[in-house]
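# Chain and residue survey
Letter by letter, the chains look like this.
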Amino acid sequence: MDKDNEIGKELSELIKDTLAGYEEEYVAGAWENFARKQKYILNKEENRRRRVVFMRYAAGLAACLLLGIIVLNMYRKDQPDVKVQPAGAGSPLIGVIDNSSKTDTDQIHTPKKSIIIAQNSAKKKAVKPEAQQTGKQQTIIQQPSIKQSVTQQPVTQQPVTQQPVAQQSVTQQPVTQQSAPGTTQPTDTWQAIAANTPANTPADNADNKPAKKVRFGVNVAQGINSTTTSTAYNYSGGVNIDIPLSKNLALSTGMQIENQTVVSKSTVSNTAIPSDNKRASLINLDFPLNIKWKFLSRRSGSYYIAGGISSLAYLSEKYTTTSRKQELREVLSFMGNEPTRTYKLENVETTTTNTAGASNQFDIAGRLNISIGFEKQISPTLYLHIEPFMKIPVSGLATENLIFTTSGITFKISF
Amino acid sequence: MANTDFDDIEVIIQGCIRKSIKHQELLYKKYFGYALSIAMLYNSQRNDAIETVDDSFLKVFSEIERLDTKQSFKGWLRKIVINTSIDKFRKKTREMPLIEREALPDIHESHGANIEQPEIISRLTAQEIIEMLNELPEVQKTVFCLYEIEGYCHEEIAGQLNMSMSTSRVYLTRAKKRLRELYQVYYNTNHK
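This write-up is about the structure you can find in this document. Small disclaimer: the values here were computed from a predicted structure and weren't measured. Sequence order as written defines residue numbering, which begins from 1 separately in each chain. Following the order in which they are written, the chains are lettered starting with A and the ligands numbered starting with 1. For a predicted model such as this one, the threshold for reporting local features is a pLDDT of at least 70, and the threshold for listing and counting side-chain atom pairs is 80 or more; totals across whole chains, interfaces and linings nevertheless cover every residue.

## Some details on the overall build of chain B
Keep this limit in mind: Counting from the N terminus, the helices are the DSSP runs of H or I reaching at least four residues and the strands are the DSSP runs of E reaching at least two. Each residue is classed by its C-beta neighbour count within 10 Å, where at least 20 other C-beta atoms makes it buried, 12 or fewer makes it exposed, and intermediate counts make it partly exposed; the C-beta atoms are placed from backbone geometry.
Helix and strand counts for chain B come out as nine helices and zero strands. Each helix (α) and strand (β) of chain B, taken in turn from the N terminus, gives the series α-α-α-α-α-α-α-α-α. Counting every position in chain B, which comprises 192 residues, the buried fraction comes to 30%.

The structure is reproduced here in structure tokens:
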């Protein structure tokens, strides 16, 4: 047993000593393999980083958009639609509650309401005799602090909110402005408010609101892919969604399936110099995210420009590389028993095909989109769009980092 | 000479920090053999060992700016290769349960009954040692190399390989026993 342990110790020492100075030899081609692997991993890492950056930007943009919408909505709720109209020499101004966009309860319980006009017999009893003499309807103007007294008299408020028609007539007839006891507003103040308040017309309101809700559409496009040395046809089709942000601005997205051919030729014309031609056939999905701005609207149609980014997912990639070079070939011939070697220059063409499967590559924000479009209404619900477009690569696309610009024309029907 | 080497490696490392491909190639080619000799101890297959070396160099090139100039590059590389090998070992054991080749064929039986105990340990080449180590089950080989060659303690090995300290001790004892048996076979084959 002791002997075993001794041998074991000696063996361990021997292994340790022998391996301490041991070094393998360099394997030919190891660096080339490593360089390929490193390039692939770096590309992958770069794509991942770009994806993360894009997601962060997209999340930030979405958050800003959401925040903007929330703030806008809050701001709109805070500001009642008050119409201020001159009502004659004796009674210069009158505030009218616009019930068209607000609910009754909103009108009554919102604490920031500055003007409430009541029209009923109960109020008539409360107003001063001068008011009764000068107008058929009476006006009660209350500050926010008087809200409590208003809510304590639901009977007097009900006619205000439930009879919008009667209110309209208020604005059309000369009336007398009258304040509630203790809250008298001088006429000058009203004039000042009127001077600072922009006139809100229905047309103005319509300008700020999006024209319609989300609009869907289908599209087909044909174009060309251009590299620095060659061009090739491409075609695509898909669906699109336009989400209006305001009357003239919309967020345009969707999905397109594209069949693309990219050809890149070597510019070398001398046959003695090796040259390469590469042809890539790609089938990919394109996810655009564009902002569309309608800059001109006419009866005949509308004109708009759009810009944004596209992300691409590849379903199939096929690369055919044709290499041409000249090779010196040895020709062995026999003159009797004497071998004779002659050398002959031959043109050699080699074709290599590489394919990549689905979802092998995903280019986040891989292209910049620019387009100009014309929209025409062809039926009450259908619109025809014609959009010349250009897609510029931000970086190398697909597995083999192709750089090509796509331009063409899209025909779109939206509804 | 040593000074020149040191200067050379300094220049190469500075180039690698600048992401110069040329310097990366120089560093890779200079230390490939060294890294492979370490990786061979933890991988039975040569291709797996080369893969480990490549993974280690990927880490080296991405982290080289963190290398302390006073620190020996060889030592740092050795640590990276061992850690990469341990990571691969852990991944492998996660993917499939650890197959401990407990029922290894009896060496004494397979080589005849009259096995002679060696009196002294004679020289062995590195290649022979690697072949002997490759005869061990992977877990035993890893524990043996970490303990005997790298100087790890059982606590560290247990932590690295996700096992208890007693298990690590058991594997080391078995590895040593097995190596003794293998050495006896080697002795009897070469000294008779």
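There's more to say after this.
## A look at the packing of helix α2 (residues 21–42) of chain B against helix α3 (residues 46–63) of chain B
All names here are of chain B. Here is the rule we go by: To get an axis, fit a line to the C-alpha atoms, keeping to the stretch in contact for a helix; angles then go from 0 to 180 degrees between the N-to-C directions. Here is the rule for angles: anything less than 35 degrees is roughly parallel, anything more than 145 is roughly antiparallel, 65 through 115 is roughly perpendicular, and the remaining ranges are oblique. Crossing handedness is read from the near helix: turned anticlockwise from the far helix by less than a right angle, it gives a left-handed crossing, and turned clockwise, a right-handed one. Working definition of a contact: two residues with C-beta atoms, positioned from the backbone, lying within 7 Å. Classification convention: Asp, Glu, Lys, Arg as charged; Ala, Val, Leu, Ile, Met, Phe, Trp, Tyr, Cys, Pro as nonpolar; all other residues, Gly among them, as polar.
α3 packs onto α2 with a crossing angle of 135° between their chain directions and a minimal axis gap of 9 Å. Taken together, the axes of α2 and α3 are oblique relative to one another. Considering only the axes of α2 and α3, their crossing is right-handed. Contacts between α2 and α3 involve Gln24, Tyr28, Phe32, Ala35, Leu36, Ala39 and Met40 from the first element and Ala49, Ile50, Thr52, Val53, Ser56, Phe57 and Phe61 from the second. A class-by-class count of the residues in the contact of α2 with α3 yields 11 nonpolar, three polar and no charged.

## A word on α3(B)
Where we set the bar: Each residue after the first adds 1.5 Å to the expected span of a helix.
Its 18 residues place the ends of α3(B) 26 Å apart at the C-alpha level, agreeing with the 26 Å of an ideal helix rising 1.5 Å per residue. Those residues of α3(B) lying buried are Ala49(B), Ile50(B), Thr52(B), Val53(B), Asp54(B), Asp55(B), Ser56(B), Phe57(B), Val60(B) and Phe61(B).

## A closer look at the pairing of strand β8 (residues 338–356) of chain A
Residues and elements named next belong to chain A. Applicable threshold: Two strands pair if DSSP finds at least two bridges between them.
Burial analysis of β8 places just zero of its 19 residues in the buried class, a small minority of the element. As paired strands, strand β7 (residues 302–335) and β8 are joined by 19 bridges and run antiparallel to one another. Residue Glu327 lies in a different strand from β8, and its bridge partner there is Glu346. Counting the residues in the hairpin turn of β7 and β8 gives two residues, including Gly336, whose phi is positive at 70°.

## Description of the nonpolar core
All names here are of chain B. The criterion, for reference: For our purposes the nonpolar core covers buried Ala, Val, Leu, Ile, Met, Phe, Trp, Tyr and Cys residues that link as a set through C-beta atoms within 7 Å. A domain assignment, automatic or from a database, supplies the domain bounds used here.
Core analysis: the largest hydrophobic core is formed by 48 residues, its most contacted members being Ala35, Leu36, Ala39, Val53, Val81, Ile129 and Val143. No other element matches the 11 residues that α2 contributes to this core. Taken together, domain 1 (2–95) and domain 2 (107–190) each give at least three residues to this core, which thus spans both. If we ignore the near neighbours within four places in the chain, the residues touching Val143 are Ile157, Ser168, Tyr171, Leu172 and Ala175.

## Section: the pairing of strand β11 (residues 405–414) of chain A
Residue and element names in this part refer to chain A. Sheet topology places strand β3 (residues 215–226) next to β11; 10 bridges connect them, and they run antiparallel. Residue pairing across strands places Ala221 opposite Thr410, the latter belonging to β11. Taken together, the nine bridges between strand β10 (residues 383–393) and β11 define a ladder with antiparallel strand orientation. Paired with Tyr383 across the two strands is Ser414, which belongs to β11.

## Structural notes on the interface of chain A and chain B
Between chain A and chain B, the residue contacts involve 23 residues of the former and 24 residues of the latter. Looking at the side of chain A that touches chain B, its residues break down into 12 nonpolar, four polar and seven charged.

## Let's talk about unusual backbone geometry
All names here are of chain A. With phi around 50°, Ala365 is a residue other than glycine that occupies positive phi space. For Ala365, the location among the structural elements is in strand β9 (residues 362–377). A tally of 20 C-beta atoms within 10 Å means that Ala365 is categorised as buried. For Asn401, which is not a glycine, the phi torsion comes out positive at approximately 50°. Residue position: Asn401 is located in the loop between β10 and β11. We classify Asn401 as partly exposed; it has 13 C-beta atoms within 10 Å.

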